[in-house]
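Now for the letters of each chain:
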Amino acid sequence: MDRGTGGMHVDKREVAFTAARQELLHELLRAGAFDMDAGTRRDFVASTVRQIAARHPELDDHLTRQLTGEGMRARYGDATVSEAARHERGIER
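Throughout what follows, the structure given in this document is the object of discussion.

The rules behind each value
The residue numbers shown here count from 1 along each chain, following its written sequence. Only residues with pLDDT of 70 or above have their local features reported here, since the model is predicted, and side-chain atom pairs are shown and tallied only from 80 upward, although totals for entire chains, interfaces and linings are computed over all residues. Only hydrogens and water are set aside when side-chain values are computed; all heavy atoms of the structure are taken into account. Put simply, DSSP H or I for four residues or longer makes a helix, DSSP E for two residues or longer makes a strand, and each gets a number counted from the N terminus. Each residue's exposure class comes from its accessible area (1.4 Å probe, protein chains only) as a fraction of the maximum for that residue type: buried when under 20%, exposed when over 50%, partly exposed otherwise. Positive residues here are Lys and Arg, negative ones are Asp and Glu, while His and the chain termini are left out of the count. Salt bridge, as applied in this entry: a Lys or Arg side-chain nitrogen positioned within 4 Å of an Asp or Glu carboxyl oxygen. Distance and chemistry together define a polar contact, namely a pair of N or O atoms within 3.5 Å, with one atom able to donate a hydrogen and the other to accept it when in protein, and with adjacent residues in sequence counting only for side-chain atoms on both sides. Nonpolar core, defined: a set of buried Ala, Val, Leu, Ile, Met, Phe, Trp, Tyr and Cys residues in which side-chain atoms within 4.5 Å join the residues together. By definition, residues are in contact when any of their heavy atoms lie within 4.5 Å.

What follows concerns the side chain of Arg41. Along the chain, the position of Arg41 falls in helix α2 (residues 38–55). In this structure, Arg41 is buried with no salt-bridge partner, the nearest side chain bearing the opposite charge being Asp78 at 7.1 Å. A distance of 2.7 Å separates the side chain of Arg41 from the backbone oxygen of Ala74, its partner in a polar contact.

Our next topic: the pattern of salt bridges. Counted according to the given criterion, the structure contains 4 salt bridges. Between Asp60 and Arg13 there is a salt bridge, with its nearest N and O atoms 2.3 Å apart. Here the residue Asp60 occupies a position in the loop between α2 and α3 (61–73), and Arg13 occupies one in helix α1 (residues 12–31), the gap between them amounting to 47 residues. The partner of Arg30 in a salt bridge is Glu27, and the shortest N-O contact between them spans 2.7 Å. Separated by 3 residues within a single helix, Arg30 and Glu27 lie in helix α1, roughly one turn from each other.

Time to look at the nonpolar core. Judged by nonpolar contacts, the single largest core of 17 residues is most densely connected at Leu24, Leu28, Leu59 and Leu67. Here the element with the most residues in this core is α1; it accounts for 6 residues. Contact partners of Leu67, with chain neighbours within four places excluded, come to Phe17, Ala20, Arg21, Leu24, Val49, Ile52 and Leu59.

Another aspect to go through is the side chain of Thr64. On the secondary structure map, Thr64 appears in helix α3. Sequence-distant contacts of Thr64, defined by excluding residues within four places in its chain, comprise Val49, Ala53 and Leu59.

Next up, the structure:
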């Protein structure tokens, strides 16, 4: 039985993806990406995902592409909810 997971197996890739998604949403909010035009935002998301992926070697190509897609589809509300959760848990950068 895994401690802290209620006996459930926790996939390291899933944990890394969740952390990377939170980082991406934080960066989108911090940079004002929700006010960027589509081309600028696409370039910002791609660059940011590359930086985040370098810190999370568990992310394979599929998860990196998925993260990029989520960054392009994310809305301001997604980022503010994620940011509120980060502050609640004390994960400020």
